[in-house]
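Each chain, letter by letter, is given below.
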Amino acid sequence: MDMRTPLAKVRGLGSAKSGTEHFWKVRTTSIALTPLLLFYVGFLVMYVGRPYAEVVGALSNPFIATINALTVIASVIHMRLGMEEVIQDYVHSETMKMVAIMLNGFFSILIGGLCLFAVLKIAFAG
């Protein structure tokens, strides 16, 4: 059964075939972030008020640095996907939509790169 309107049938407008993939990417990153952020918050609670050198020493542990890096990566991907959804829903000009989505991608890469640099710098400094 075709649910499209007669005008949509004539124009050939239909599913873009990418909604399901986007849906699963958002859900997968949110599921991945749940244990990562719980670990991260637990780590922060354990080390609140501790001396700087002790915190840096703990953050330089390879396991902790890996968890931090995975949290950054999953967060940045989830952020990019979420903002892309907002842009697609609320920006109506096709030109502005394209520009906003490109800027969103560049911003995500910039933030992700800076955060990963900080994680690696701490990991290798300790």
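Residues numbered from 1 in each chain as written. Predicted model: local features only at pLDDT ≥ 70, side-chain atom pairs only at ≥ 80, totals over all residues. Heavy atoms only, no water.

**A look at the overall build of the chain**
Logical step 1: When its secondary structure is counted, the chain shows five helices and zero strands.
Logical step 2: Its helices and strands taken in sequence order, the chain reads α-α-α-α-α from the N to the C terminus.
Logical step 3: The proportion of buried residues among the 126 residues of the chain is 25%.
Logical step 4: Across the chain, contacts joining residues at least 24 apart in sequence account for 68% of those joining residues at least 6 apart. (Helix = DSSP H or I, 4+ residues; strand = E, 2+ residues; numbered from the N terminus. Buried < 20%, exposed > 50% of the residue type's maximum accessible area, 1.4 Å probe, protein only. Contact = heavy atoms within 4.5 Å.)

**Considering the packing of helix α4 (residues 62-90) against helix α5 (residues 94-125)**
Logical step 1: α5 packs onto α4 with a crossing angle of 170° between their chain directions and a minimal axis gap of 10 Å. Regarding the angle of α4 to α5, the classification is roughly antiparallel. (Axes fitted to C-alpha atoms, helices over the stretch in contact; angles between N-to-C directions. Parallel < 35°, antiparallel > 145°, perpendicular 65-115°, else oblique.)

**A closer look at the layout of surface pockets**
Here the idea is plain: a probe the size of a water molecule rolls over the atoms and shows the empty space left.
Logical step 1: Its boundaries defined by the atoms lining it, the largest pocket holds a volume of some 180 Å³.
Logical step 2: Tyr40, Phe43, Leu44, Val55, Leu59, Ala65, Asn68, Thr71, Val72, Ala118, Val119 and Ile122 are the residues that line the largest pocket.
Logical step 3: The element best represented in the lining of the largest pocket is α4, accounting for four residues.
Logical step 4: Within the lining of the largest pocket, the residues separate by chemical class into ten nonpolar, two polar and no charged. (1 Å grid on protein atoms, 1.4 Å probe; cavity = no way out; pocket = protein on both sides within 12 Å on 5 of 7 lines; lining within 4 Å. Points joined across faces, edges and corners; volume = space filled by probe spheres on them. Nonpolar A, V, L, I, M, F, W, Y, C, P; charged D, E, K, R; others polar.)

**Quick notes on α5**
Logical step 1: Here α5 contains 32 residues, and its C-alpha end-to-end distance of 46 Å stays within 8% of the 46 Å for a straight helix at 1.5 Å per residue.
Logical step 2: Inspection of α5 places Lys97, Asn104, Gly105, Ser108, Gly112, Val119 and Ala123 among the buried residues, and these make up the whole buried set.
Logical step 3: Where α5 is buried, its residues meet α3 (52-59) and α4. (Expected span 1.5 Å × (residues − 1).)

**Some words on the side chain of Glu84**
Logical step 1: Here Glu84 lies in helix α4.
Logical step 2: The residues contacting Glu84, other than those within four sequence positions of it, are His22, Ile101 and Asn104.

**Quick look at the packing of aromatic side chains**
Logical step 1: Taken as a whole and assessed by the stated rule, the structure comprises three aromatic pairs.
Logical step 2: When the ring of Phe39 is compared with that of Phe63, the centres are 5.8 Å apart and the planes differ by 85°; the resulting orientation is edge-to-face. Here Phe39 is found in helix α2 (residues 19-47), whereas its partner Phe63 is found in helix α4, with 24 residues between them in sequence.
Logical step 3: Given a relative accessible area of 32%, Phe39 falls into the partly exposed group.
Logical step 4: Judged by relative accessible area, Phe63 falls into the exposed class, the value being 51%. (Phe/Tyr/Trp six-rings, centres within 6.5 Å; stacked < 30°, edge-to-face > 60°.)

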